[in-house]
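# Remarks on the overall topology
Given next are the chains, with one letter for each unit.
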Amino acid sequence: MMLASCVPTPTVAASALNARRINRAPAAMKCVNRRSRSRVVARAESSSPDAIADNVDRAAKLLDQIIKETVEQIFVEEAVEEVIPGDDDDDVKISNGAAKGEMAPKPMVNKEAVLRGVILKYLDEFDGSFLAAISAYVQVAEASGDFGLLSMLAAIREEVIAAVSGEMQPEIQVVQLVARLASKEDRLEVLRAANRGGGKAVGENVPAAKIESVENTAARLCDEMESTEHVPNWQLLYQLLLTRETCRQLHPNADDMGVYNTTVLNSSFSPSEIPVAEAAMIKDLVLISEPMSRRANIMAKFVECQELDESATRSNLDSGKIKLKRTSRGFKPREEVTGEDRGMDVFDIRDIRPGRFIDCVLNMRVAMQREGPDAAVMVEVLTAMYFEACDVVLEQADKGTKKYRASEKSLEEFGDSKS
């Protein structure tokens, strides 16, 4: 059963029974309150705030420099073509069939080539902070309606990705390719081609990479994005999650229903724990017996969390603060949440992360299966919940694919493609 295919519809005899099963989940699946055992917090504090600030500042300055050099070089080349035409101008006129005295069409400056040259000049200086800086600039440009800058940023992003792709491990290349595909069939074709040893698929040269390696790589990227104070790019996160879950459903550890049937290892929490926020959300969802209502609830939670997170990111940008450090949110209650900020009594919606939520559902499902027939109904509910969450991820990832296509169109306009 593949992503967004037929979602199992469990027969939930009594929602109260399911709620009780959540409350008496195996001792190995305890909710996490990390006030005393804050491994993640310790890891976050190990990163020097000054070093993080330096990385962000360096990435922003590098992006400014690339934009400045690109614009200047394009301006100079256009000026040269306008003011100092080449010595073979007459030959150009004749070869183009222009009448005597008639001006031949002015040669166009290859803006993509100019940008590519600047990118290659700084290739060794690119890191994760640089792409995060591009995302931050994109948000500012979108808010101000600066479409010229948006076009430039889209072009820079694509050239950077193209430039570093040759340096990437095969698994990363496969993840990058699959994350951009809109068709489920295309994603499956690429993953199967990679798993077979590589080759041509959907018009692309696919490197050899085992499903297990691709899944591990996609999962690691998702963990990194969700472990920061604010998700750098929600659309990219959904596209990576789609890649991760598609790999899991092709994985040797998937069961007959296509559900990954082994405990998931997440860098944010140990296999024997479930973050407070995700545990509370799962408990609420178990009380909803109607599948479509449950899916709608998952969608609403994910969308609200994204909107609040992006709003906070914009506020930080406006105030000059950008946080890329790791966070312990989702593992302990927020002390500052009071009154109208509490949207819910059980957990703060801002602490939910879609990838972490799916991992928690899978881990709880594996734990419940160990209880035997008594937990069969609960396993069925968690199975349905997994596919419903995957369906939400698919819908959100499709939005990202459309946005990517729009960026490609901007790239073509920036490059003044010949008609």
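In case you missed it, the structure is sitting above this.
Before going into details, it helps to say that this report is about the structure given with it. (Residues numbered from 1 in each chain as written. Predicted model: local features only at pLDDT ≥ 70, side-chain atom pairs only at ≥ 80, totals over all residues. Heavy atoms only, no water.)

## A word on the overall build of the chain
From N to C terminus, the chain includes 15 helices and 4 strands. By residue count, 46% of the 419 residues in the chain fall in the buried class. Taking as baseline every contact in the chain between residues at least 6 positions apart, the subset at least 24 positions apart corresponds to 79%. On the chain, roughly 20600 Å² of surface is accessible, and the fraction owed to carbon and sulfur atoms is 52%. (Helix = DSSP H or I, 4+ residues; strand = E, 2+ residues; numbered from the N terminus. Buried < 20%, exposed > 50% of the residue type's maximum accessible area, 1.4 Å probe, protein only. Contact = heavy atoms within 4.5 Å. Areas by Shrake-Rupley, 256 points an atom, 1.4 Å probe, with all protein chains shown as cover.)

## Quick notes on the side chain of Asp 309
Note that Asp 309 resides in helix H13 (residues 291–318). The buried category is assigned to Asp 309, whose relative accessible area is 5%. A distance of 2.8 Å separates a polar atom in the side chain of Asp 309 from a polar atom in the side chain of His 230. If we ignore the near neighbours within four places in the chain, the residues touching Asp 309 are Glu 229, His 230, Val 231, Trp 234 and Arg 353. (Polar contact = N/O pair within 3.5 Å; in protein donor to acceptor, adjacent residues only side chain to side chain.)

## Observations concerning the nonpolar core
Val 174, Ile 282, Ile 298, Phe 357 and Met 385 are the most contacted members of the largest nonpolar core, which has 63 residues in total. Looking at this core, the elements with two or more residues in it are helix H8 (170–179), helix H9 (184–196), helix H10 (211–226), helix H11 (234–250), helix H12 (276–286), H13, helix H14 (354–369) and helix H15 (376–414). Those residues in contact with Val 174 that sit more than four places away from it in its chain are Val 190, Leu 191, Ala 194, Val 206, Pro 207, Ala 209 and Val 214. The next biggest cluster of nonpolar side chains, apart from the first, holds 22 residues, and it includes Leu 62, Ala 133, Ala 141 and Met 152. (Core = buried A, V, L, I, M, F, W, Y, C linked by side-chain atoms within 4.5 Å.)

## A short note on the environment of Leu 308
Residue position: Leu 308 is located in helix H13. Spatially, the C-alpha atom of Leu 308 lies 6.6 Å from that of Arg 350, the residues being 42 residues apart in sequence. Beyond its immediate sequence surroundings of up to four residues, Leu 308 is in contact with Ile 349 and Arg 350.

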